[in-house]
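# Examining the three-dimensional arrangement
So the chains spell out like this:
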Amino acid sequence: MTVASAANTLTYDPELCINCGMCSMVCPHGVFEAGEEVAQLVRHGACMECGACPLNCPTGAIAVDCGVGCAYALMREALAGKKDGDCGCGPGSPCCS
């Protein structure tokens, strides 16, 4: 069963997971943790959509639309040399609270 949320574009299919641990190693926000048989999605709302987990998942169990949400806003601000404070998530978002 694929897990998804309205908080971001992250989707995870534990049936494809081989529990290699790469997702938990590369995620800067601790969205995944190693489990007994498959990785556990423990902080879905903390995903900043950076794309590290799907790029490192050997089975394609994880998908995310990179370049949206907070990660995109932070990179845009850094490249432009300004801070507009708009991550695109909206008030009360788990990543911005």
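Residues numbered from 1 in each chain as written. Predicted model: local features only at pLDDT ≥ 70, side-chain atom pairs only at ≥ 80, totals over all residues. Heavy atoms only, no water.

## Observations concerning the overall build of the protein chain
The helix and strand tally for the protein chain stands at three helices and five strands. Along the protein chain, helices (α) and strands (β) appear in the sequence β-β-α-β-β-α-β-α when read from the amino end. Accessible area for the protein chain stands at about 5800 Å²; split by element, carbon and sulfur atoms hold 56% of it. (Helix = DSSP H or I, 4+ residues; strand = E, 2+ residues; numbered from the N terminus. Areas by Shrake-Rupley, 256 points an atom, 1.4 Å probe, with all protein chains shown as cover.)

## A word on unusual backbone geometry
Phi at N19 is positive, roughly 60°, even though this residue is not glycine. Along the chain, N19 falls in the loop between β2 (11-12) and α1 (22-26). At E49, a residue that is not glycine, the phi angle is positive and equals roughly 60°. Residue placement: E49 occurs in the loop between β4 (40-41) and α2 (52-56).

## A few points about the environment of C47
Tracing the backbone shows C47 in the loop between β4 and α2. The class for C47 is buried, based on a relative accessible area of 11%. Taking the C-alpha atoms as reference, C47 lies 6.2 Å from V31; in sequence the two are 16 residues apart. Among residues more than four places away in sequence, those in contact with C47 are N8, L10, V31 and V64. (Buried < 20%, exposed > 50% of the residue type's maximum accessible area, 1.4 Å probe, protein only. Contact = heavy atoms within 4.5 Å.)

## Some points on the side chain of N8
Structurally, N8 can be placed in the loop between β1 (3-4) and β2. A polar contact is formed between the side chain of N8 and the backbone nitrogen of L10, at a distance of 3.1 Å. Only 2.8 Å separates the side chain of N8 from the backbone oxygen of H44, close enough to count as a polar contact. In this structure N8 touches H44, G45, C47 and E49, once residues within four positions along its chain are discounted. (Polar contact = N/O pair within 3.5 Å; in protein donor to acceptor, adjacent residues only side chain to side chain.)

## What about the side chain of E49?
Judged by its relative accessible area of 6%, E49 falls in the buried class. From its side chain, E49 meets the backbone nitrogen of T9 in a polar contact 2.7 Å long.

## Section: the state of the cysteines
A full pass over the atoms with the stated rule returns zero disulfides. This cysteine, C23, is not joined by any disulfide, and C17 carries the nearest cysteine sulfur, 6.1 Å off. C50 carries a free sulfur, and the closest cysteine sulfur to it, the one in C27, is 6.3 Å from it. (Disulfide = S-S within 2.5 Å.)

## What to know about the confidence of the model for the protein chain
Summarising the model, the protein chain shows a mean pLDDT of 80, and 68% of its residues fall at 70 or more. The least confident element of the protein chain is helix α3 (residues 69-80), whose mean pLDDT is 65; the most confident is strand β3 (residues 32-33), at 96. Counting interchain partners and residues more than four positions distant, the pLDDT-below-50 stretch residues 92-97 has nine contacts. (pLDDT = per-residue confidence, 0-100.)

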